[in-house]
Amino acid sequence: MIMLENIRHPMGELTLEIGKLRIPPGLTLLVGANGAGKTTLLELLATLQLPRRGEILYRQRSAAEDLPLLRSQIGYVPAEIELYEEMKVYRLLAYLAELKGVYHRERIDALLSDFRLIPYRNHKIKLLSLGIRRRIALAQALLAAPYFLFLDEPLNAMDTAERKMAISYLSRYAGGRTVIAAVHEMNEWDEAADHVIWLNRGKIGFEGGTRRWNDELPLEVWEGLITREQFENCSQRNMIHFREMAEGIYVRLIGGNRPFPGLTLAEPTLEDAYFVRQYGRDSVVR
Ligand SMILES: Nc1ncnc2c1ncn2[C@@H]1O[C@H](COP(=O)(O)OP(=O)(O)OP(=O)(O)O)[C@@H](O)[C@H]1O
């Protein structure tokens, strides 16, 4: 369990303000619009920045009690990764493991295998694609099997198969540990995520389990076919998704009451629920 108490931390024009937040073990998705404060929160959690005010407790211990010990239990992957370009993959992982004091050949081999990096073990980093570098960044964060793992847009640049693989790995890894991932695409995490934290302009807009995230929505999600004319009269702000079809336009949108006669209530996805919370309030077809 991670506990945040009375955090106030300036970030440009906004301030990250968190009164009380409990983050249980499991896999938590951290979501919010660009600039909402996700990276700032992850950097605070990863002890890369110290909160200007307030305190973060990790399993009831503050960072001040034993920072080196805490850091040895934290893995962090920033959104912009920088790896030693001239090094070969295995050498890089071995070097980082030595720095952390956790060098075990078997552990590195297992991570290379888990992240399908074996074909690249003797390749120089600078010759590898962004998606492969991302997998290396994940693997290096896992070298010491950290209890706390903080990931900033971890799937960026990965292809579909690699995203699925990484999600399933992280979901298993999060059993009994705390993994927090800032993401923009939520639905692909549907089976894996346990909790959601939604940051809205530096403040917590929601925190809780994924079921509550989907169930406790102030508005509803509707889907079905509408005519082109109805589509043109419909505010784009409440449109989650649309697809042109021969018979009309298939839409998925936010609504208070049934916005158009042919539409039916849809089961909200994680991303629908985000859309409703982030954009729903002022833009509804009633
Ligand atoms: N170095 C900086 N100097 C000044 N302001 C900053 C700096 N870094 C971030 N900010 C501001 O802090 C706020 C939060 O930024 P942060 O990167 O934490 O958001 P984010 O939710 O991670 O965004 P994104 O989804 O775009 O990655 C933004 O308003 C941003 O403009």
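Quantities reported herein were computed from a predicted structural model and do not represent experimental measurements.

What counts, and where the lines are drawn
- Residues numbered from 1 in each chain as written.
- Predicted model: local features only at pLDDT ≥ 70, side-chain atom pairs only at ≥ 80, totals over all residues.
- Heavy atoms only, no water.
- Near = heavy atom within 4 Å.
- Polar contact = N/O pair within 3.5 Å; in protein donor to acceptor, adjacent residues only side chain to side chain.
- Areas by Shrake-Rupley, 256 points an atom, 1.4 Å probe, with all protein chains shown as cover.
- Helix = DSSP H or I, 4+ residues; strand = E, 2+ residues; numbered from the N terminus.
- Nonpolar A, V, L, I, M, F, W, Y, C, P; charged D, E, K, R; others polar.
- Pairing = 2+ DSSP bridges.
- Axes fitted to C-alpha atoms, helices over the stretch in contact; angles between N-to-C directions.
- Parallel < 35°, antiparallel > 145°, perpendicular 65-115°, else oblique.
- Left-handed = near helix turned anticlockwise from the far one by under 90°.
- Contact = heavy atoms within 4.5 Å.
- Domains from an automatic or database assignment.
- Buried area = accessible area lost by both parts, 1.4 Å probe.
- Salt bridge = Lys/Arg side-chain N within 4 Å of Asp/Glu carboxyl O.
- Core = buried A, V, L, I, M, F, W, Y, C linked by side-chain atoms within 4.5 Å.
- Buried < 20%, exposed > 50% of the residue type's maximum accessible area, 1.4 Å probe, protein only.
- Phe/Tyr/Trp six-rings, centres within 6.5 Å; stacked < 30°, edge-to-face > 60°.

## Here we look at the site of the ligand
Around the ligand sit 13 residues, and of these G35, G37, K38, T39 and T40 come closest. G35 places a main-chain nitrogen or oxygen 2.8 Å from an oxygen atom of the ligand. In the environment of the ligand, an oxygen atom lies 3.0 Å from a nitrogen or oxygen atom belonging to the backbone of G37. About the coverage of the ligand: the protein hides 54% of its 640 Å² of free accessible area. Here the shell around the ligand gets three residues from one element, more than from any other, and that element is helix α1 (residues 38–45). Of the residues assigned to the shell around the ligand, the class counts are four nonpolar, seven polar and two charged.

## Points about the environment of S168
Relative to the helices and strands, S168 resides in helix α6 (residues 160–173). With 46 residues separating them in the primary sequence, S168 and N122 have C-alpha atoms 26 Å apart.

## Here's the deal with the sheet that holds strand β11 (residues 220–226)
Here four strands make up an open sheet; going across it, the order is β12-β13-β11-β14 and the pairing antiparallel. In this open sheet, the two edge strands, each paired with only one partner strand, are β12 (239–245) and β14 (264–265). As paired strands, β11 and strand β13 (residues 248–255) are joined by seven bridges and run antiparallel to one another. For I226, the partnering residue across the bridge sits in β13 and is I249.

## Focus on the packing of helix α3 (residues 89–100) against helix α5 (residues 130–141)
Where α3 meets α5, the closest approach of the two axes is 10 Å, and the angle between their N-to-C directions is 25°. With respect to α5, the axis of α3 lies roughly parallel. Like other packed secondary-structure pairs, α3 and α5 cross with a definite hand, here right-handed. In this structure, α3 uses V89, L92, L93, L96 and K100 to contact α5, whose residues at the interface are I136, A139 and Q140. Of the residues belonging to the contact of α3 with α5, the class tally is six nonpolar, one polar and one charged.

## A closer look at the domain arrangement of the protein
By convention, interface size is frequently given as the accessible area that disappears when the constituent parts associate. For the protein, the assigned domains read domain 1 (2–215) and domain 2 (220–279). Relative to domain 2, the C-alpha centre of domain 1 lies at a distance of 34 Å. Each partner contributes residues to the interface: domain 1 has 17 residues there, and domain 2 has eight residues. Surface buried jointly by domain 1 and domain 2 totals about 1100 Å² across both partners, of which 53% is contributed by carbon and sulfur atoms. Applying the counting criterion to the domain 1 and domain 2 interface returns zero salt bridges. Our enumeration of links across domain 1 and domain 2 arrives at nine residue pairs in polar contact (both at pLDDT 80 or more).

## Here's the deal with the nonpolar core
Ranked by size, the top nonpolar core spans 59 residues in total, and within it F115, I136, M186, W189 and W213 carry the most contacts. Ranked by residues supplied to this core, first place goes to α3 with seven residues. Of the domains in this structure, domain 1 (2–215) and domain 2 (220–279) are the two that each give at least three residues to this core. Residues contacting I136, with those up to four places away along its chain left out, are L83, V89, L92, L93, L117, I125 and L128. Formed by 29 residues, the second largest nonpolar core is a distinct cluster that contains I23, L45, F148 and F150.

## Here's the deal with the packing of aromatic side chains
Counting across every chain of the model gives ten aromatic pairs. Consider the rings of F115 and Y169, whose centres lie 4.7 Å apart with planes at 50°: the pair is tilted. Residue F115 is located in the loop between α4 (105–114) and α5, and its partner Y169 is located in helix α6; the two are separated by 54 residues in the primary sequence. Neither F115 nor Y169 differs from the other in exposure class; each is buried. Judged by centre distance (4.8 Å) and plane angle (55°), the ring pair of F231 and F242 falls under tilted. Here the residue F231 occupies a position in helix α8 (residues 228–232), and F242 occupies one in strand β12, the gap between them amounting to eleven residues. The class for F231 is buried, based on a relative accessible area of 12%. A relative accessible area of 38% means that F242 is categorised as partly exposed.

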